[in-house]
Amino acid sequence: MHVISYRRLREYARSHNDCNEPLDNWYKVASKANWSNLIEVQCVFPTAETVGNFTVFNIKGNQYRLIVSIDYQRQLIYIKYVLTHAEYDKEYWKNDPYF
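Below, the structure is looked at part by part.

What counts, and at which threshold
Residues numbered from 1 in each chain as written. Predicted model: local features only at pLDDT ≥ 70, side-chain atom pairs only at ≥ 80, totals over all residues. Heavy atoms only, no water. Helix = DSSP H or I, 4+ residues; strand = E, 2+ residues; numbered from the N terminus. Rg over C-alpha atoms; globule rule 2.2 N^0.38 Å. Buried < 20%, exposed > 50% of the residue type's maximum accessible area, 1.4 Å probe, protein only. Contact = heavy atoms within 4.5 Å. Areas by Shrake-Rupley, 256 points an atom, 1.4 Å probe, with all protein chains shown as cover. Lys, Arg positive; Asp, Glu negative; His and termini not counted. Charge placed at Lys NZ, Arg CZ, Asp CG, Glu CD. Core = buried A, V, L, I, M, F, W, Y, C linked by side-chain atoms within 4.5 Å.

1. Details of the overall build of the protein
Assigned secondary structure in the protein consists of four helices and five strands. N-terminal to C-terminal, the α/β element order of the protein is β-α-α-α-β-β-β-β-α. On C-alpha atoms alone, the protein measures out to a radius of gyration of 12 Å, which is about the 13 Å that the 2.2 N^0.38 rule sets for 99 residues. In terms of overall dimensions, the protein has a C-alpha envelope of 30 × 30 × 25 Å along the principal axes. Counting all 99 residues of the protein, 38% fall into the buried class. Sequence-distant contacts in the protein: of pairs separated by 6 or more residues, those separated by 24 or more amount to 45%. A total accessible area of about 5800 Å² is found for the protein, and carbon and sulfur atoms account for 47% of it. The distance from the centre of the 12 positive side-chain charges to the centre of the 11 negative ones in the protein is 5 Å.

2. Quick look at the nonpolar core
By size, the foremost hydrophobic cluster in this structure holds 23 residues, and its most contacted members are Trp26, Phe57, Leu66, Ile77 and Ile79. The set of elements that each furnish at least two residues to this core consists of α1 (6-15), α2 (20-32), β3 (54-59), β4 (64-71) and β5 (76-84). Considering every element that reaches this core, the biggest residue donor is β4, with four residues. When neighbours within four sequence positions are excluded, Ile77 is seen to be in contact with Met1, His2, Val3, Ile4, Trp26, Ala30, Trp35, Val68, Ser69 and Ile70.

And the structure:
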């Protein structure tokens, strides 16, 4: 999978140092993956789930949420949001027109 954009993960990790390693690990696994559906994603990340048009990953024991859009046919992952669990619960991100 090609992850767009790793830069967003790095920027977030700069202001949230405790999630740098977990986000980096997620990126390493996802960028080497060849997923064709959510079930294959869940074989590697069992807590991944679909919410609307997005796939949500729990990061660092559910302290953070990584929200992505996955195009399985093109093998692309678009990073949409990285949020703390509290920010995720506010659901403001669900106003995204692609939700």
